[in-house]
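Chain by chain, the residues run as shown.
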Amino acid sequence: MKTLIVEVMDTKRIGELVTVGRIFGDTPDILALGTGDVPGTYTKAYFTDTAVGANLIDPLVDLIREGDYQLVLLSATTLGTEIAGPLGVRLGAPVLSEVIGASADMTVTRPIYGGKAVATFTISQAPAILTVRRKYFEPADLAGTTTPVPLTGTGTTITLISEEAAKSEGIPLEDAEVIVSGGRGMGSGENFTLLREMAAILNAAVGASRGAVDEGWAAPTLQIGQTGNIVAPSVYLAVGISGASQHLAGIANAKCVVAVNKDEDANIFKRARFGIVEDYKKVVPALIQALKEEQ
Ligand SMILES: Cc1cc2nc3c(=O)[nH]c(=O)nc-3n(C[C@H](O)[C@H](O)[C@H](O)COP(=O)(O)OP(=O)(O)OC[C@H]3O[C@@H](n4cnc5c(N)ncnc54)[C@H](O)[C@@H]3O)c2cc1C
């Protein structure tokens, strides 16, 4: 199985995709998006510094055909998804998105029905394109570095005119080991200050349910769930979040969920390992106080 990884220059992300490639018995080649040496040792490594996914499609189609790659691996990020779809259409290749499991017998698993079930697929056509969900595969140890050669060929020349980084506070959600998340039960945007205070002590990221985002209390970039960020922290603290299935789809791989909700029948308690049935206005300040004393 000849495999090509397409990923930004990020050791963890590349490491996760190398792990998947190795499951299929291959030491993958790589097209790294960015400049500089690529983490890891590869027989063939290419790079491009274009930040526009659409510009990559034509040269990538050529690279995949000329290199006779049977499998293309990307992370299930915005950029990965942006590239995978058009690439599949151009190559007439199947695209399996949000892959969370892989085995040597060429089967992969991915969640369906908003995370309520997991489907298993057999890859029987080449090339096939896989987007792999972050944090489901242990990143491979990438020994050494490889100096990549530039990707040749030109694609659609969409020019990036300007870039504005989305406002982000603290640790990015996808990298966070601890996430403190608020829902509509927070009652107002100002009340998120309490969550930010707790997050700062815990070295955590702040997230939100769609309920809170719809109210305008949190930025859409903080939304967690089926139509937001898929996260996999060690600890997920859900405050004033009911636990709708679409929200739970975003935290399926969270190791320990702790919920604070004043409704003892709230669905979030079915997913939580620890639950506190109480008004968060009593609980969160007390937790902050206790954490401060521990510092
Ligand atoms: C196609 C589709 C996609 C969706 N995608 C997403 C998604 O990606 N992410 C997402 O989150 N949702 C998503 N939703 C919306 C989802 O169905 C829920 O409507 C949403 O998650 C509810 O947000 P919430 O839990 O904050 O609000 P609510 O359901 O209103 O729950 C608020 C909770 O706060 C509790 N509460 C109230 N006051 C307090 C207090 N003082 N102290 C403690 N607890 C309190 C209440 O008991 C309640 O359980 C999607 C819906 C659809 C149809």
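Computed from a predicted model, the values in this text were never measured in an experiment.

Engineer: Whenever I open this one, helix α1 (residues 11-23) confuses me. Can you help?
Structural biologist: Helical geometry note: an α-helix holds 3.6 residues per turn, so side chains three or four residues apart project in the same direction. Taking 1.5 Å per residue as the helical rise, α1 with its 13 residues ought to reach 18 Å, and the 18 Å between its terminal C-alpha atoms agrees with that figure. Of the residues flanking the start of α1, the one acting as N-cap is Asp-10, its side-chain oxygen 3.1 Å from the backbone nitrogen of Lys-12. Once α1 finishes, Gly-25 follows within two positions and takes phi at roughly 80°, a positive value.

Engineer: For this particular structure, what's the right way to read the pattern of salt bridges?
Structural biologist: When the charged atoms of two side chains lie near each other, side chains of opposite charge can form a pair. For the structure shown, the criterion picks out 11 salt bridges. Across the pair Glu-215 and Arg-184 runs a salt bridge, and its minimum N-O distance is 3.1 Å. Of the two residues, Glu-215 is situated in the loop between α5 (210-214) and β15 (235-239) and Arg-184 in the loop between β13 (178-182) and α4 (192-202); the sequence distance between them amounts to 31 residues. Take Arg-184: its relative accessible area is 47%, and that puts it in the partly exposed class.

Engineer: Help me understand the sheet that holds strand β6 (residues 95-99) in this model?
Structural biologist: Sheets are built from strands that pair by backbone hydrogen bonding, the pairs being arranged parallel or antiparallel. On the basis of which strands lie adjacent, the open sheet formed by 7 strands has the order β6-β10-β5-β1-β2-β4-β12 and parallel pairing. At either margin of the open sheet sits one strand with a lone partner, and together these are β6 and β12 (149-150). The strands touched by helix α2 (residues 53-67) within the sheet are β1 (3-8), β2 (29-33), β4 (45-48) and β5 (71-75), with β1 carrying the most contacts at an inclination of about 155°.

Conventions we followed
- Residues numbered from 1 in each chain as written.
- Predicted model: local features only at pLDDT ≥ 70, side-chain atom pairs only at ≥ 80, totals over all residues.
- Heavy atoms only, no water.
- Helix = DSSP H or I, 4+ residues; strand = E, 2+ residues; numbered from the N terminus.
- Expected span 1.5 Å × (residues − 1).
- Polar contact = N/O pair within 3.5 Å; in protein donor to acceptor, adjacent residues only side chain to side chain.
- Salt bridge = Lys/Arg side-chain N within 4 Å of Asp/Glu carboxyl O.
- Buried < 20%, exposed > 50% of the residue type's maximum accessible area, 1.4 Å probe, protein only.
- Pairing = 2+ DSSP bridges.
- Contact = heavy atoms within 4.5 Å.
- Axes fitted to C-alpha atoms, helices over the stretch in contact; angles between N-to-C directions.

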